[in-house]
Amino acid sequence: MLSVTALFLGWEAYVQLSGISPTALPAPSRILVQGIEQREALAEHSLATLQATTFGFACSLSAAFLFSVLVDFFRPLRRALFPVFIITQTLPLVAIAPLIVLWFGFGLTPKIVLVALVTFFPMLVALAQGYEATDRDIEALLASMGASRVRIFLSARLPSALPYFFAGLRISITYAVVGAIFAEYAGAAKGLGIYILNAKNNFRPDLVLAAVGVSATLTLTLFGATVLVQRAAMPWARLAESKP
Amino acid sequence: MSTPRLELRHVRKRFGDLAVLADISLSVRPGEFVSILGPSGAGKSTVLQLLTGALAGDGGDILVDGAPLAPGSHRFAFMPQRDALMPWRRVIDNTTLGLEVEGLSRKTARARVEPLFLEFGLSGFEFHYPAQLSGGMRQRAALLRTVVQERSMLLLDEPFGALDALTRREMQHWLAGMWTRHRWTVLLITHDVREAVLLSDRIYVLSARPARIVRRFDVPLAHPRPSAAAPQVAAIEADILKTLFHPEE
C-alpha cells in the first residue's frame, strides 16, 4: 500500500516538474479528474465488460466442471481431450480475438467465447488435479463400506478438489477480465476494451489509463469475491489452529 | 467348537514378480480379539485389503462364518492406518459415514451415533471439525465410525501407529477397556508387541516378505490385562520378540 502511494506521488511530481505534455504522460491527478468527469461512460462500458466476464466465466466454469467429471470417470477420454485443450492455450490472443469477432459479430457472444477459451483449461486442470489429490485412505474406507464410484466421487473426490478449485478460480478470474477486454478491443459496441481503443485513437492517454484503473479495480473486486466465497464454502480450512 | 467368524486357509498373494503373502492361515472366533504382528513391509495390510475386497487373492480360501467370502459383500468394518477423517465433515457426520453409505438418512444416522459420543469421550465435540480434535480424539472418532456400522467384525489396521508414544499407550488401554465391555470380534494389524499382548486373545507372528505365519501365540490371560510389568505378560512379550528377531529357531 505504501509503495503504491509512493509510486503515484513520484509519478505526479515528475510530471509537474518536467512539464511533459499530458498527451505523452498524464499526471495521476489528471487521470483521476478526467476519469470522474467521464464516470457515466466509464460505468456503462465497465458494466458491459463485467457482463462479458461473468457470462463467459460462468460458461467456462460449467464446461470445465462437466469435462472434469467426464474425464475422471472415463480415463481414456483424458488422453484424447487434453492435447486439444492444451493447443487452445497456445493460440495467441492477438490473432484469435479478431477472428472470433469476425465469426461471432460485435455482440456478447465473441466475448463469452474468448473468456471461456482463456479460462476453461486452467479450471479443468485445477479440478482434475484436485480429484487426484483425494486421500487414498478415505477412498479405501468408503470402498470398504460398499460405496459406489459415484458415491466416492461425491463424498470424497469432489470435496477434496475444493482447495484446488478455488486456487484455479482466483487465477482464472483475472484472466477472464483480460480476455473480455481483449475481445472488446478487437471490436465491440460497448466495453472497456473498445473504450480504451477509442481513447487511444483520440490521443487521450489520460482516459486510457482511467479505463485501465477501472479494469484493475474490477479484477481486484472479483478476486476478493472469490476469496470470500472460498471462506464461506470451506469453513473447516481455517480451523487447524484452535485445538482443545 | 463353533464355526470361526473368519478363517484364512493358505492364502497367497503376489504383485507381479513380488510374492507378498506366501502362506497365511489363521482363524478368528466370534468375540475374539486376534492380532497379526509382523515387521514393516511384511504384507500385514495386504491381508486386510484382501478382506475388504480392495484386492483379490491368488490362492487359498477366505471363509466367513464357514462360507467363502463373496466379492463385494463388505462384511467387515474397516479402520485405516491413519484416521482418514474427512476434514470437511463435522465429527458427527464423519462417524455416520458408513450408515449414510448404507442408505440411512443423515437424521436417522445422527440419531444412531449421538448416544455413543459420551462413551467414546467425544461428547461436546459432535459439531467440531476433525482439525479441532487432538490425535487421540480423532482416533476415537475413527473407531466410533467403525463400530456403528454394526458389521460382524472389525478390521483395525495399525490404528495407533501415527500417534505419539504417550497418547498411543493411553489409547491402547482405552481400547482394552472398551473391548472388555463390548467384546467385538476384532482382527488387529500391528507391529507393536506390547499392544498385541495387551489386547489380544491370540497373536499370529508373520515372517518378512513373502509372509507366512511363523508362530501363533495364545494369550491365556483374563481381560483387562494386568500391567505390562506382570511376569506372565513380560514372558509372552519376550517370547514374541525372540520369534520376531530369530524366526528360524
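Chain B appears in an unreviewed UniProt entry as ABC transporter from Devosia nitrariae. On record in UniProt, under Sequence similarities (unreviewed entry), the comment for chain B is "Belongs to the ABC transporter superfamily."

Looking at an unreviewed UniProt entry, one finds chain A named ABC transporter permease and attributed to Devosia nitrariae. UniProt annotates chain A under Sequence similarities (unreviewed entry) with the comment "Belongs to the binding-protein-dependent transport system permease family." UniProt's Subcellular location (unreviewed entry) comment on chain A is quoted here verbatim: "Cell membrane".

S.K.: Looking at this structure, how should I read the packing of aromatic side chains?
M.R.: The relative placement of two aromatic rings is captured by the distance of their centres and the angle of their planes. On inspection of all chains with the given rule, the structure shows 13 aromatic pairs over all chains. Aromatic pair Phe67(A) and Phe85(A): ring centres 5.6 Å apart, planes at 80°, arrangement edge-to-face. One end of the pair, Phe67(A), is in helix H3 (residues 39-73); the other, Phe85(A), is in helix H4 (residues 75-90), with 18 residues separating them in the sequence. A connected cluster of aromatic rings, assembled from ring pairs, spans Phe67(A), Phe82(A), Phe85(A), Phe120(A) and Phe121(A). In this structure, Arg140(B) packs its charged tip against the face of Trp174(B), placed 5.8 Å from the ring centre.

S.K.: Looking at this model, I keep getting lost on the interface of chain A and chain B. Mind explaining?
M.R.: It is common to give the size of an interface as the accessible area that goes away when the parts come together. Opposite the 23 residues of chain A that make contact, chain B presents 26 residues. Here chain A is connected to chain B by 3 salt bridges. The partner of Arg82(B) in a salt bridge is Asp135(A), and the shortest N-O contact between them spans 3.4 Å. The tally of links between chain A and chain B comes to 6 residue pairs in polar contact (both at pLDDT 80 or more). When residues of the side of chain A that touches chain B are assigned to their parent elements, the largest contribution, 7 residues, is made by helix H7 (residues 136-144) of chain A. Within the side of chain A that touches chain B, the residues separate by chemical class into 14 nonpolar, 5 polar and 4 charged.

S.K.: Would you take a moment to explain a nonpolar patch on the surface for this structure?
M.R.: A surface patch of nonpolar side chains, amounting to about 460 Å² of accessible area, comprises Leu99(A), Leu102(A), Trp103(A) and Phe104(A). One can find Leu99(A) in helix H5 (residues 93-104).

S.K.: Is there a simple way to think about the UniProt feature "domain: ABC transmembrane type-1" (unreviewed entry) in chain A in this case?
M.R.: Per the UniProt record, "domain: ABC transmembrane type-1" (unreviewed entry) is found at residues 46-229 of chain A. When the span residues 46-229 of chain A is considered, its composition is 88% helix and 0% strand, and the gap between its end C-alpha atoms is 23 Å.

S.K.: Please explain the sheet that holds strand S5 (residues 67-68) of chain B as it appears in this structure.
M.R.: Two strands in a sheet stick together by hydrogen bonds in their backbones, pointing the same way (parallel) or opposite ways (antiparallel). All names here are of chain B. The strand order across the open sheet formed by 10 strands is S5-S4-S1-S2-S10-S9-S3-S8-S7-S6, and the pairing between neighbours is mixed. If you trace the sheet from one side to the other, it starts and ends with S5 and strand S6 (76-79), each paired once. Where strand S1 (residues 6-15) lies against strand S4 (residues 59-64), 5 bridges are found, and the strand directions are antiparallel. When the sheet's bridge partners are listed, glutamate 7 is paired in S4 with leucine 63. Contacts between helix H1 (residues 44-52) and the sheet are confined to S1, strand S2 (18-28), strand S3 (33-37), S4, S6, strand S7 (153-157), strand S8 (186-190) and strand S9 (202-206), with S1 contributing the most and set at about 110° to the helix.

S.K.: Looking at this structure, how should I read the nonpolar core?
M.R.: Most often, soluble globular proteins have nonpolar side chains that are buried together. Residues Phe82(A), Phe85(A), Leu124(A), Ile138(A), Leu142(A) and Met86(B) are the most contacted members of the largest nonpolar core, which totals 53 residues. Sorting the residues of this core by element identifies H3, H4, helix H6 (109-132), H7, helix H8 (149-185), helix H9 (192-201) and helix H10 (205-233) of chain A together with helix H3 (97-102) of chain B as the ones contributing at least two each. Leaving out residues up to four positions away in the same chain, Leu142(A) has contacts with Ala147(A), Ile152(A), Ser155(A), Ala156(A), Met86(B), Leu97(B) and Val101(B). Within the second largest apolar cluster, 36 residues are counted, among which are Phe33(B), Ala109(B), Leu143(B) and Trp179(B).

S.K.: I keep staring at H8(A) and nothing clicks. Help me out?
M.R.: Residues spaced three or four apart along an α-helix point in a common direction, a consequence of the helix completing one turn every 3.6 residues. In this model, H8(A) (37 residues) spans only 46 Å end to end at C-alpha, well below the 54 Å of a helix rising 1.5 Å per residue. At the C-terminal side of H8(A), Gly187(A) shows a positive phi close to 145°.

Quick notes on the rules
- Residues numbered from 1 in each chain as written.
- Chains lettered and ligands numbered in written order.
- Predicted model: local features only at pLDDT ≥ 70, side-chain atom pairs only at ≥ 80, totals over all residues.
- Heavy atoms only, no water.
- UniProt positions renumbered as here; feature names shortened; annotations may be inferred.
- Phe/Tyr/Trp six-rings, centres within 6.5 Å; stacked < 30°, edge-to-face > 60°.
- Helix = DSSP H or I, 4+ residues; strand = E, 2+ residues; numbered from the N terminus.
- Lys NZ or Arg CZ within 6 Å of the ring centre and 35° of its normal.
- Contact = heavy atoms within 4.5 Å.
- Salt bridge = Lys/Arg side-chain N within 4 Å of Asp/Glu carboxyl O.
- Polar contact = N/O pair within 3.5 Å; in protein donor to acceptor, adjacent residues only side chain to side chain.
- Nonpolar A, V, L, I, M, F, W, Y, C, P; charged D, E, K, R; others polar.
- Patch = residues over 30% accessible without salt bridge, like charges linked within 9 Å, V, L, I, M, F, W, Y side chains within 5 Å.
- Areas by Shrake-Rupley, 256 points an atom, 1.4 Å probe, with all protein chains shown as cover.
- Pairing = 2+ DSSP bridges.
- Axes fitted to C-alpha atoms, helices over the stretch in contact; angles between N-to-C directions.
- Core = buried A, V, L, I, M, F, W, Y, C linked by side-chain atoms within 4.5 Å.
- Buried < 20%, exposed > 50% of the residue type's maximum accessible area, 1.4 Å probe, protein only.
- Expected span 1.5 Å × (residues − 1).

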